[in-house]
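# Observations on the model geometry
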Amino acid sequence: MSEAVAGDGTRLRLRVSGAVQGVGFRPYVYGLAARYGLAGFVANDPDGVTIEVEGGGTSEFVAALRLERPVLARIDQISVQEIGALGAKDFSIRRSEQGKSSTRIVADAAMCQQCLDELFDPTSRYYLYPFINCSHCGPRYTIAERLPYDRRNTAMGRFTMCAACADEYADPASRRFHAEAIACPTCGPRLSHGIDDIAAAIASGQIVAMKGLGGYQLICDAASQDAVWRLRERKQRDQKPFAVMIGSIEQVNEIAETNAAELALLESVARPIVLLRSRNNLAAAIAPGLSRVGVMLPVIPLHHLIFHALGSIGARPKGHSPVVVTTSANPRGEPLPIDNGEALRRLAGIADLIVTHDRNILTCADDSVVSVVAGRRQFIRRARGYVPEPIRLARSVPPLLAVGGALKSTVTVTRGNEAFVSQHIGDLDTAEGIRVFEETVRHLTSTLDVRPVVMAHDLHPDMASTRFAETSGCALIAVQHHHAHAAAVIAEHGLTAPAIALLLDGHGYGCDGGNWGGELLLCEGARFRRIGHLEPLQMPGGDRAAREPWRMASAILQMQGRGHEIARRFASQPQAEHLRELLERPCGATTTSAGRLFDAAAALLGVATLQSYEGEAAMKLEAGVRQTSVLEAGWMIDGDVLSFRPLFARLIADDISATEGAELFHGTFAAACVDWAARSAQTTGVTTVVLSGGCFQNAVLADAIERGCLAAGLIPLLPRQVPPNDGGLSLGQAWIAALQTLEQPPAEQPQALEGTA
């Protein structure tokens, strides 16, 4: 930042870049200028905010600008230029400038305390109004159509402000000065049903579908086993856990154990779902077989109003606060509905009551899910409250689009030295999922005003995202699945030196066409070399083995020379009698997947023989761990191959309990991975180890491997800004594609194609 200060005859022009639109930044600048007696103006522009000031207090103004910014604002850079004074006498907020945009919209923010106070203040004109908001809270990304972030470019453009709202909007002393989503009962959006009716439906055991901030949610009483089971039946969600919402931070301790880091996440403006250790006093059907439950606090005024009404009804026994199941209203894994008509059609067979309103959601954004791993935040799902906050890259890169994988889909757009990872889209196995994926690409490139020159995709030839890339007309770069996992961590940590990558994952298409999933890679720049992998294991039934853990357990028994035990151990499975014959065929599919080893262990220990959702067996296995233990000589490393034959020989013994086995498996698996990485570090001279892949969602495993690496003198790096699962793939693809593009001579670098944005 320049040290220039405007004195007599001089005016300063400041350009501020970052998240400075839609966060009360212009009214903040207005108030700051008034404090220091300055004349000039402030305006949104395509790059962020432009400020011009003149007068005697400009040095103090420039010094205070960054230090006292609004809570939602993020300042990346401030440039200062001296220009000629105009002799201005006042300071104003000007209409936004149009043009190609390089600024950004901030994420949606949970209701602030000041609005909450007004919500329940009978003297306020916002009393009990479910769409109260201000410059410090409320919808942003999900109602924005394009930049600059002005009311006319949002879903609020169709609501004409009443005189009272217009006065607040124009009043520099108001918290709603230029709050683009300002609304009140006179002129703003309206609910289809009354709060008392909604609360009464929940209290009586009904299932309510409600339009939230980024899409529709399904809500029911978390204390009612019957209501939760009916929700499962109607949503066709057999075992996958539901999240719950509780009214205040003071009440969380009633249902879950927490630490300071978890409490801070619960109260953050993003208001994510936080995985906490359950006290097991809610309906057992909420998280069957799991030790953790996803908990969130109210996000929007409507949530607060419902809890207030439930408290008045007295829906729970004395001393027990109301708790509701709050889950995405997406039947059969389809994308989250955001349109009223669509919701009424799709949710009619699930919800007893469907609550709509007339403020449009322009971009769906599911609730974010996080946990505390190794003392810090880790994403399971990154969406509402965090998107579209960018990830800063180590260098500026060409504009490109990365389209991710097939599961837990996200896309990433790069602009300058920033990578914008989209909200969680979901799986691309339905026509509706692909439609939402394509709409997300359009919306993200449009709001960022980026026309990609390259499109990056997974190496697998038969993914919907790959086919999308191939029909785009863009220059294409294919990135191997686990290389992308590693590169996502490398990108977010700004690494420029070589790194070893320990990838523990479910499935990824390998460079040899094989099924990879437990890998050691040596990564340097845009390239990688496979320097190790888990011992290949048969996958009887191919992809079916990923849904039926008993099949992977059978492969372990066959490998241990105990195939004759398959039929007895898994007698409840109709195919068990014939599986040994299948395993004896040498042409069967094999995998190096770490995830399939977790499945095998869960089935051998009787924890889960089948799974109704991805990761169910591994999650239930993790739930049994209280204190890990290590089986000495429980693994073997032969050249570059890590084998767990000794560990599984112990797990198939008759005298081991499920709890003992789960603790032994986790402890030994982690110790072996640390040993494997440490040996590779000695061989390569590289001591930085990036840790990623879906298995690192397992908090026990991730914590143990990180601690083990530190003890071994290694530098472990976990993903913190994107999930370790496939939700982080697009960031890694983008970074690898960017580096490969930069390696080309300038004359050979691809140019943007019309229509790709």
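Shown above is the structure to which this text applies.
Everything numeric here is computed off the predicted structure, so don't read it as measured data.

Our focus in this paragraph is the pattern of salt bridges. Tallying each qualifying case throughout the model produces 44 salt bridges. For E52, the salt bridge identified is with R13, shortest N-O distance 2.8 Å. With E52 in strand β3 (residues 48-54) and R13 in strand β1 (residues 10-19), the pair connects residues that are 39 residues apart, well separated along the chain. Residues E342 and R346 are paired through a salt bridge, measuring 2.5 Å at the closest nitrogen-oxygen approach. With a gap of 4 residues between them, E342 and R346 both fall in helix α9 (residues 340-346), about one helical turn apart. Of the two residues examined, E342 and R346, each falls in the buried class. A network of salt bridges, in which partner residues are shared, links E118, R125, E168, R175 and R176.

In this section: the sheet that holds strand β20 (residues 475-479). Backbone hydrogen bonds are what pair the strands of a sheet, in a parallel or an antiparallel way. The mixed open sheet is built from 5 strands, whose spatial order is β16-β18-β17-β19-β20. Lying at the two open borders of the sheet, with one neighbouring strand each, are β16 (391-397) and β20. The average undirected angle you get between the axes of adjacent strands in this sheet is 30°. Across 3 bridges, strand β17 (residues 400-402) lies against strand β19 (residues 454-458) in parallel orientation. For A402, the partnering residue across the bridge sits in β19 and is A456. Packing against the sheet, helix α10 (residues 431-448) makes contact with β17 and β18 (412-421), and its axis sits at approximately 155° to β18. Packing against the sheet, helix α22 (residues 729-743) makes contact with β16, β17, β18, β19 and β20, and its axis sits at approximately 15° to β16.

Moving on: helix α16 (residues 576-583). The set of residues buried in α16 consists of A576, L579 and L583. Buried residues in α16, looked at end-on, bunch into an arc of 30°, giving them a common side. The outward face of α16, more than 90 degrees from its buried face, is lined by the exposed residues E577 and H578. Buried-residue contacts for α16 involve β24 (537-538), α14 (549-559) and α15 (566-569).

For the rest of this paragraph, the subject is the sheet that holds β1. Strand order in the open sheet formed by 5 strands is β4-β1-β3-β2-β5, and the pairing between neighbours is mixed. Each edge of the sheet is formed by a strand with only one pairing partner; in this case those strands are β4 (74-84) and β5 (91-93). Geometrically, the sheet is characterised by an average inter-axis angle of 15° between neighbouring strands, direction not taken into account. For β1 and β4, the ladder comprises 10 bridges, and the chain directions are antiparallel. By the bridge assignment for β4, R11 is matched with I83. Across the face of the sheet, helix α1 (residues 25-35) comes into contact with β1, β2 (39-45), β3, β4 and β5 while running at roughly 175° to β5.

Definitions and limits used
Residues numbered from 1 in each chain as written. Predicted model: local features only at pLDDT ≥ 70, side-chain atom pairs only at ≥ 80, totals over all residues. Heavy atoms only, no water. Salt bridge = Lys/Arg side-chain N within 4 Å of Asp/Glu carboxyl O. Helix = DSSP H or I, 4+ residues; strand = E, 2+ residues; numbered from the N terminus. Buried < 20%, exposed > 50% of the residue type's maximum accessible area, 1.4 Å probe, protein only. Pairing = 2+ DSSP bridges. Axes fitted to C-alpha atoms, helices over the stretch in contact; angles between N-to-C directions. Contact = heavy atoms within 4.5 Å. Arc of directions from axis to C-beta.

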